[in-house]
Every structure is written in structure tokens, then in C-alpha cells.
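# Structural characterization, general
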Amino acid sequence: MKLGKNEYACVFLQPGYWETGVLRKFFQAGASDDPKLPAYFWTDNCDFDSDANCYKFVLSPLHDNKIEETVYLPREYVLLVVVQKTAPPPGEIGKMGFKLPERSSR
């Protein structure tokens, strides 16, 4: 990802990693707290450090979005990183976890 290029990454974490609490000060809880499901978050500031075998993120804590902190996640805890050119839907940035499936009216 290149900063300033309007690219966003959706980062999927290994099941159970969210429960470690490492990212809690940066994101709200999502719809699913099931530790067997992977959690995800959106970011526009992602890089990979090949020397440390870690993903590097610059994130703002929920309590103060004017502060930025660098967070390193070891590669083994990241399932998938998907990059796209358009912003995620409103309300998705700053949210962890999957949405609950819609129930049909049948």
C-alpha cells in the first residue's frame, strides 16, 4: 500500500487473536465475539517489514484520534490482507469482527 493513494486494506486476523486484547484500544468490538471466527479491521496505513516478518500499522486509539501509534502484528497472526481502491462502507472503519448474517423471512 502507498499512503496518499486512496488504498485501503482489510486485514483478517487468525481466529482468537482479537481476544488477546492487543488491538482493543484501537477498535470497537464487532458483531461477533466468537473466538473461532477470524476478526477483521480496515486501515489505510499498512506495510510489511520483511526483516521482522511483521505487518506494521499506524493506528489511532479510540480515545484520541489525533494520536498515532505504530503497531506490529507478527505474520502468523494475519490470515489475509486485501487491498482495494475505494473506501469501506460508512461505519466499517474502526470496527472489528464480522456482521451477523441477515435472517430470511421464510
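Before reading further, recall that the structure is shown in the block above.
Our subject in this report is the structure included herewith.

About the thresholds
Residues numbered from 1 in each chain as written. Predicted model: local features only at pLDDT ≥ 70, side-chain atom pairs only at ≥ 80, totals over all residues. Heavy atoms only, no water. Helix = DSSP H or I, 4+ residues; strand = E, 2+ residues; numbered from the N terminus. Buried < 20%, exposed > 50% of the residue type's maximum accessible area, 1.4 Å probe, protein only. Contact = heavy atoms within 4.5 Å. Areas by Shrake-Rupley, 256 points an atom, 1.4 Å probe, with all protein chains shown as cover. Pairing = 2+ DSSP bridges. Axes fitted to C-alpha atoms, helices over the stretch in contact; angles between N-to-C directions. Core = buried A, V, L, I, M, F, W, Y, C linked by side-chain atoms within 4.5 Å.

On to the overall build of the protein. Scanning the protein for helices and strands turns up zero helices and six strands. The secondary structure elements of the protein, listed N-terminal to C-terminal, are β-β-β-β-β-β. Here the protein holds 106 residues, and 32% of them are scored as buried. Partitioning the intrachain contacts of the protein with sequence separation of at least 6 by distance along the chain shows that 64% fall at a separation of at least 24. Split by element, the accessible area of the protein, about 7,100 Å² in all, is 50% carbon and sulfur.

A word on the sheet that holds strand S2 (residues 40-43). Spatially, S2-S1-S6 is the arrangement adopted by the three strands of the open sheet, whose pairing is antiparallel. For this open sheet the edge positions go to S2 and strand S6 (78-84), each flanked by a neighbour on one side alone. Strand-to-strand, the axes of this sheet are offset by a mean angle of 20 degrees, without reference to chain direction. Taken together, the six bridges between strand S1 (residues 8-13) and S6 define a ladder with antiparallel strand orientation. Looking at the pairing, Cys10 lines up with Val82 of S6.

For Asn53, which is not glycine, the phi torsion reads 55 degrees and is therefore positive. Within the fold, Asn53 resides in the loop between strand S3 (46-49) and strand S4 (54-59). A relative accessible area of 38% means that Asn53 is categorised as partly exposed.

Hydrogen bonds between backbone groups are what pair the strands of a sheet, and the pairing can be parallel or antiparallel. Strand order in the open sheet formed by three strands is S3-S4-S5, with antiparallel pairing between adjacent strands. At either margin of the open sheet sits one strand with a lone partner, and together these are S3 and strand S5 (69-74). Pairwise comparison of adjacent strand axes, ignoring direction, gives a mean angle of 30 degrees for this sheet.

Relative to the elements of secondary structure, Leu23 occurs in the loop between S1 and S2. Given a relative accessible area of 1%, Leu23 falls into the buried group. Put simply, Leu23 and Leu59 are 36 residues apart on the chain and 9.4 Å apart in space, counted from C-alpha to C-alpha.

Attention shifts here to the nonpolar core. Core analysis: the largest hydrophobic core is formed by 17 residues, its most contacted members being Leu13, Leu23, Phe41, Phe57 and Leu73. Taken together, the elements giving at least two residues each to this core come down to S1, S4 and S5. Counting residues in each nonpolar core, the second largest holds five residues, with Tyr8, Cys10, Phe12 and Tyr40 among its members.

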